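# A structural walkthrough
The primary structure of each chain is shown beneath.
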Amino acid sequence: MKPLIAANWKMNMDTKSSVSFINSFKKYIKNIKNMEIVICPPFTLLNKINEAIKNTNIKLGAQNIHFEEKGAFTGEVSGLMLKDAGCEYVILGHSERRQYFNETNSMINRKIKSALKNKLKVILCIGESLKQRNNNQTMKIIKNQLLNCLNNIKEMKNIVIAYEPIWAIGTGKNATPSQAEEVHKFIRELLSDIYNKNISKNIRIIYGGSVKPNNIKELMAMKNINGALVGNASLDAKSFAKICGV
């Protein structure tokens, strides 16, 4: 399966800087064919980025979705709107959404269903805190998040799982390749139990958490790591291109 490298720009960039990024990035990656690349900018930049990536192998993603199609939900954006803006992917369950906006597994489950209904591919984020890891609760937390976020979801072909240990996001720390591989392997085995072995072996499980050009090769060398969700290092075109060029 083709690895996936996704950029989560979070609340960064404006029109001028984002277009400049894409123009530079396209030159760096013009010969990269063996990687699926996704840019997930803020909502305000979706249309502009969609124009800028035309006739490239770069795909567009969003950072969030509302679980309803339309209605009195001030400040929210629906799956229908994301499709209209040109999105193919959407990030759901990111730890910052869970922490700062009180998103629960149940809410994320509803959002996944809305995304799939609107033919959007989902990057589902799961991960444990430092306290949970230190208390040897990593696998318990991962299992709980997966089972609840995927509740009553029968089809996995349009879902990517992103393991993002909360203690490694934006901290400069990252799980060692062996630590990440251990959790990725657990996730794949759990998905095999939920669905079946043939399905689980074709599900992309990507790593996120202080991914940089100097650690991506070691991470990607692991058997069960199929790509990366990149935060800060995706804000610089040359840096992100190096990550995509592994």
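Please refer to the structure placed before this passage.
These lines cover the structure that appears in this document, whether it is placed above or below. (Residues numbered from 1 in each chain as written. Predicted model: local features only at pLDDT ≥ 70, side-chain atom pairs only at ≥ 80, totals over all residues. Heavy atoms only, no water.)

### Considerations on the nonpolar core
Let me state the cut-off plainly: Nonpolar cores are built from buried Ala, Val, Leu, Ile, Met, Phe, Trp, Tyr and Cys residues. Side-chain atoms within 4.5 Å join them into one set. For each residue, the accessible area found with a 1.4 Å probe, counting protein chains only, is set against the maximum for its type, and the residue is called buried under 20%, exposed over 50%, and partly exposed in between. Any two residues whose heavy atoms approach within 4.5 Å are treated as being in contact.
Counting 67 residues, the largest nonpolar core has Phe-25, Leu-124, Leu-146, Ile-161, Ile-187 and Phe-240 as its most contacted members. Leaving out residues up to four positions away in the same chain, Ile-161 has contacts with Leu-124, Ile-126, Leu-146, Met-156, Ile-187, Leu-191, Ile-203, Arg-204, Ile-205 and Ile-206.

### Some thoughts on the pairing of strand 5 (residues 121-126)
Let me state the cut-off plainly: In this description a helix means any DSSP run of H or I spanning at least four residues, a strand means any run of E spanning at least two, and both kinds are numbered starting from the N terminus. We call two strands paired when DSSP finds no fewer than two bridges between them.
Burial within strand 5 is extensive, with five of its six residues counted as buried. As defined by bridge partners, strand 4 (residues 89-92) adjoins strand 5 across four bridges and the pair is classed as parallel. Pairing of Tyr-89 across the sheet is with Lys-121, part of strand 5. For strand 5 and strand 6 (residues 159-163), the ladder comprises five bridges, and the chain directions are parallel. Residue Ile-123 lies in a different strand from strand 6, and its bridge partner there is Val-160.

### Section: the packing of aromatic side chains
Note the following rule: Centres within 6.5 Å are what make two rings of Phe, Tyr or Trp a pair, Trp counting through its six-membered ring; a difference in plane orientation under 30 degrees is then read as stacked, over 60 as edge-to-face, and the rest as tilted. A ring is scored as having a charge over it whenever the NZ atom of a lysine or the CZ atom of an arginine sits within 6 Å of its centre and within 35 degrees of its normal.
The tally for this structure, following the rule as stated, stands at four aromatic pairs. Ring centres of Phe-25 and Phe-240 lie 5.2 Å apart, and the angle between their planes is 25°; this geometry places the pair in the stacked category. Here Phe-25 is found in helix 1 (residues 15-28), whereas its partner Phe-240 is found in helix 11 (residues 237-244), with 215 residues between them in sequence. Each of the two residues, Phe-25 as well as Phe-240, counts as buried. Among the aromatic side chains, those forming a connected cluster through ring pairs are Trp-9, Phe-21, Phe-25 and Phe-240. The aromatic ring of Phe-67 is capped on one face by Arg-110, whose charged end is 3.8 Å from the ring centroid.

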